[in-house]
Amino acid sequence: MVAHHGGPPEIVIVGGGLSGTALAIKLLREARQALAIRLVDPSAQPGRGLAYSTQEPGHLVNGPALIFTLYPDQPEHFVDWLTTQPEFAGQPRDAVAQAYVPRWRFGDYVSEQLWQAQQQAAPGVTFEHVQARVEDLDVSSSGIALALDAGRVLLADHAVLALGVFQSRPRFDSSGQLTQTGRYVANIWDCSRLAALVDADELVLVGGSLTMIDTVVSLEKLGYRGTYKVLARHGLTPVERRNPAPTEEPFGSVGPPHTLRQVVRELREKARAIISLGGDWQALPGALKPYLADWWRNAALTDRQRFFRHVRPHWDVFLHRAPPVSAALVTALRASGRLSIEAAIVTGLAEAPAGRVSVRYRPRGSEEECTILARGVVNCTGPDYRWHAGCEQPLVHNLFSRGLVQAGPVGLGIAVDPSLAAVAANGVASLHISVLGAALRGTIVEPGTVVEIANQTSTLSSRLLAVLRVTQAPAALQVS
Ligand SMILES: Cc1cc2nc3c(=O)[nH]c(=O)nc-3n(C[C@H](O)[C@H](O)[C@H](O)COP(=O)(O)OP(=O)(O)OC[C@H]3O[C@@H](n4cnc5c(N)ncnc54)[C@H](O)[C@@H]3O)c2cc1C
């Protein structure tokens, strides 16, 4: 459907994190005819989202600069940008390419790319950042209507949901009392609440993922000198990321086997073989990338379910490794006895005498519950992908209750067709709503990595411009 109002076609992108901003950049660069692009996000500056808005310099991207680019056809674009930045002045290019930069700086790069794309856009191609939150969305014969928290209504021909991740909120503190006293921090990005724990002597961190590492980095910088007890479901934490050259053909010349069980077995055997020859198993993760998308698309539903139930914690440690400096911090804290990790499920929190929190947990493999006392507890369980069941956002709730979207495979994220159009509750792919980023979890195995987001935005921008009948620039002219 094309413009309902006689003006240029209008696209509203809901969410101005990396995904939404990368799409806006792509549309600005590709459109050769009038097009109105609106990006709705409550933050002051689009391009950062949750991952790249942290100003803590110790919160680093989890890979070398070389793998971060907004433009898959220009793999060194981010490295090129970094070489123009003051902190890298005079440094050899190789060192810049291998640097693990603060996430804030990647956000600077994305914001700058957005600004440049606006300056270079074709006549009539406009961009507006609407600083608000979308609370509701409905489709009518004349297009899409989006209700904002500010009371404003936006009309559009197409809406793209780039809502990012939402934090998992285990209901440990149902009365909210521990949160009120500051002894339970549900959201690690709430810096003042973390700072209030700095004088504690023992903290319990629930969850052992990269979010736990960010928490430890923040607390150490704030001056915390007590101990950390990490209670993580499988007792796993990310290991240091090394970057050996990817191994050739991890599954031999025949490609990956069909079943998850066989894939896991072959990968284990391959890792053992590499190690026995004195090599580094980290040559495997990079080598798997070309196979992942196809394998996941063809995997049986039961295998996808098994993956999330049994394999994912190991997979996350295998794939999402920690920047070397952050991993070294955790290793040093463990060696000094200040940080310990136990495989356990936290079952509840309660107030205890003398300003302490009593933490109930079940060690892995045990039926018995244990209790420990701590000065504070921090939720480091990371993102949740059960949009249908877990996301409390009014917009998401409304989209599901109107039947405009349905849960993706395995109950995760939002279902889409291969062109990223949202699939409604009646099974029909939407002409008006598309989805990007983390909400594709379930359809795409790793939808939130920078490279994957860049690929999604390429697919989506070409389709949107074609559907809205906006002429596109030839690929060679898109980035300057
Ligand atoms: C803490 C953290 C660190 C990460 N580090 C890395 C890394 O080092 N390397 C890597 O490859 N990946 C990393 N990731 C993965 C990361 O998810 C992606 O890199 C990327 O940031 C995802 O961008 P996004 O736009 O999809 O989501 P987000 O960054 O979450 O952005 C979504 C945006 O949508 C907005 N929004 C949500 N709902 C609404 C609404 N109703 N109305 C208006 N706006 C709305 C939010 O306010 C937010 O600004 C990290 C993720 C997290 C959470």
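Residues numbered from 1 in each chain as written. Predicted model: local features only at pLDDT ≥ 70, side-chain atom pairs only at ≥ 80, totals over all residues. Heavy atoms only, no water.

1. Description of the state of the cysteines
Link 1 in the chain: A complete count under the given rule lists zero disulfides for this structure.
Link 2 in the chain: For the unlinked cysteine Cys191, the closest cysteine sulfur is that of Cys380, found at 13 Å.
Link 3 in the chain: Here Cys370 is not disulfide-linked; the sulfur of Cys380 is the nearest cysteine sulfur, at 20 Å. (Disulfide = S-S within 2.5 Å.)

2. Brief notes about the layout of surface pockets
The rolling of a water-molecule-sized probe over the atoms marks out the regions of remaining empty space.
Link 1 in the chain: Its volume calculated, the second largest pocket comes out at about 750 Å³.
Link 2 in the chain: Along the walls of the second largest pocket sit 28 residues, with Val264, Leu267, Val311, His314 and Trp315 positioned nearest its centre.
Link 3 in the chain: Contributions of two or more residues to the lining of the second largest pocket are made by helix 8 (260–276), helix 9 (283–298) and helix 10 (301–319).
Link 4 in the chain: For the lining of the second largest pocket, the element with the highest residue contribution is helix 10, accounting for nine residues.
Link 5 in the chain: Split into classes, the residues belonging to the lining of the second largest pocket amount to 22 nonpolar, two polar and four charged. (1 Å grid on protein atoms, 1.4 Å probe; cavity = no way out; pocket = protein on both sides within 12 Å on 5 of 7 lines; lining within 4 Å. Points joined across faces, edges and corners; volume = space filled by probe spheres on them. Helix = DSSP H or I, 4+ residues; strand = E, 2+ residues; numbered from the N terminus. Nonpolar A, V, L, I, M, F, W, Y, C, P; charged D, E, K, R; others polar.)

3. So, the domain arrangement of the protein chain
Link 1 in the chain: Domain annotation for the protein chain reports domain 1 (10–59 + 102–167 + 385–477), domain 2 (177–239 + 322–381) and domain 3 (252–319).
Link 2 in the chain: When each unit is reduced to the centre of its C-alpha atoms, the spacing between domain 1 and domain 3 is 30 Å.
Link 3 in the chain: With 10 residues of domain 1 in contact, the opposing surface of domain 3 contributes 11 residues.
Link 4 in the chain: Summed over both sides, the interface of domain 1 with domain 3 buries roughly 830 Å², with 69% coming from carbon and sulfur.
Link 5 in the chain: Scanning the region where domain 1 abuts domain 3 turns up zero salt bridges.
Link 6 in the chain: Each residue belonging to the side of domain 1 that touches domain 3 can be placed in one class, and the counts come to six nonpolar, two polar and two charged. (Domains from an automatic or database assignment. Contact = heavy atoms within 4.5 Å. Buried area = accessible area lost by both parts, 1.4 Å probe. Salt bridge = Lys/Arg side-chain N within 4 Å of Asp/Glu carboxyl O.)

4. Describing the packing of aromatic side chains
Link 1 in the chain: Enumeration over the complete set of coordinates arrives at 18 aromatic pairs.
Link 2 in the chain: An angle of 85° between the planes, with centres 5.5 Å apart, marks the rings of Phe251 and Tyr291 as edge-to-face. Of this pair, Phe251 sits in the loop between strand 11 (227–232) and helix 8 while Tyr291 sits in helix 9; the two residues are 40 residues apart in sequence, bridging distant segments of the chain.
Link 3 in the chain: With relative accessibility at 7%, the residue Phe251 sits in the buried group.
Link 4 in the chain: What makes Tyr291 partly exposed here is its relative accessible area of 23%.
Link 5 in the chain: In textbook terms, an aromatic cluster arises when at least three aromatic residues are bridged by ring pairs, as seen for Trp281, Trp295, Trp296, Phe307, Phe308, Trp315 and Phe318.
Link 6 in the chain: We note Arg48 situated over the ring of Trp104; from NZ or CZ to the ring centre the distance is 3.5 Å.
Link 7 in the chain: Above the ring of Tyr385, the side-chain terminus of Arg441 is found at 4.6 Å from the ring centroid. (Phe/Tyr/Trp six-rings, centres within 6.5 Å; stacked < 30°, edge-to-face > 60°. Buried < 20%, exposed > 50% of the residue type's maximum accessible area, 1.4 Å probe, protein only. Lys NZ or Arg CZ within 6 Å of the ring centre and 35° of its normal.)

5. Things to note about the site of the ligand
Link 1 in the chain: Taken together, the neighbourhood of the ligand is formed by 31 residues, with Ser19, Asp41, Tyr52, Asn62 and Gln393 sitting nearest.
Link 2 in the chain: One of the side-chain N or O atoms of Asp41 is found 2.6 Å from an oxygen atom in the ligand.
Link 3 in the chain: Contact distances for the ligand include 2.7 Å between a nitrogen atom and a side-chain N or O atom of Gln393.
Link 4 in the chain: Protein contacts shield 88% of the accessible area of the ligand, which totals 990 Å² for the unbound molecule.
Link 5 in the chain: When residues of the shell around the ligand are traced back to their parent elements, those giving at least two are helix 1 (18–30) and helix 14 (450–467).
Link 6 in the chain: Tallied by class, residues from the shell around the ligand come to 18 nonpolar, 10 polar and three charged. (Near = heavy atom within 4 Å. Polar contact = N/O pair within 3.5 Å; in protein donor to acceptor, adjacent residues only side chain to side chain. Areas by Shrake-Rupley, 256 points an atom, 1.4 Å probe, with all protein chains shown as cover.)

6. Some points on unusual backbone geometry
Link 1 in the chain: The phi torsion at Ala354 lies on the positive side, around 60°, for a residue other than glycine.
Link 2 in the chain: Tracing the backbone through its elements, the reader meets Ala354 in the loop between strand 12 (339–352) and strand 13 (356–363).
Link 3 in the chain: Overall, Ala354 belongs to the exposed group, its relative accessible area being 62%.
Link 4 in the chain: Despite not being glycine, Leu420 shows a phi value in the positive range, around 75°.
Link 5 in the chain: Mapped onto the secondary structure, Leu420 falls in the loop between helix 13 (394–401) and strand 17 (421–423).
Link 6 in the chain: The class of Leu420 is buried, set by a relative accessible area of 7%.

7. Thoughts on the sheet that holds strand 6 (residues 153–156)
Link 1 in the chain: Strand order in the open sheet made by the three strands is 4-5-6, with antiparallel pairing throughout. Looking at strand neighbours, the two that pair on one side only are strand 4 (134–140) and strand 6, the edges of this open sheet. Neighbouring strand axes in the sheet, compared pairwise and without regard to direction, differ in orientation by 20° on average.
Link 2 in the chain: Sheet analysis places strand 4 next to strand 5 (residues 143–148), joined by six bridges and oriented antiparallel. Residue pairing in the sheet places Asp138 in a bridge with Ala145 of strand 5. (Pairing = 2+ DSSP bridges. Axes fitted to C-alpha atoms, helices over the stretch in contact; angles between N-to-C directions.)

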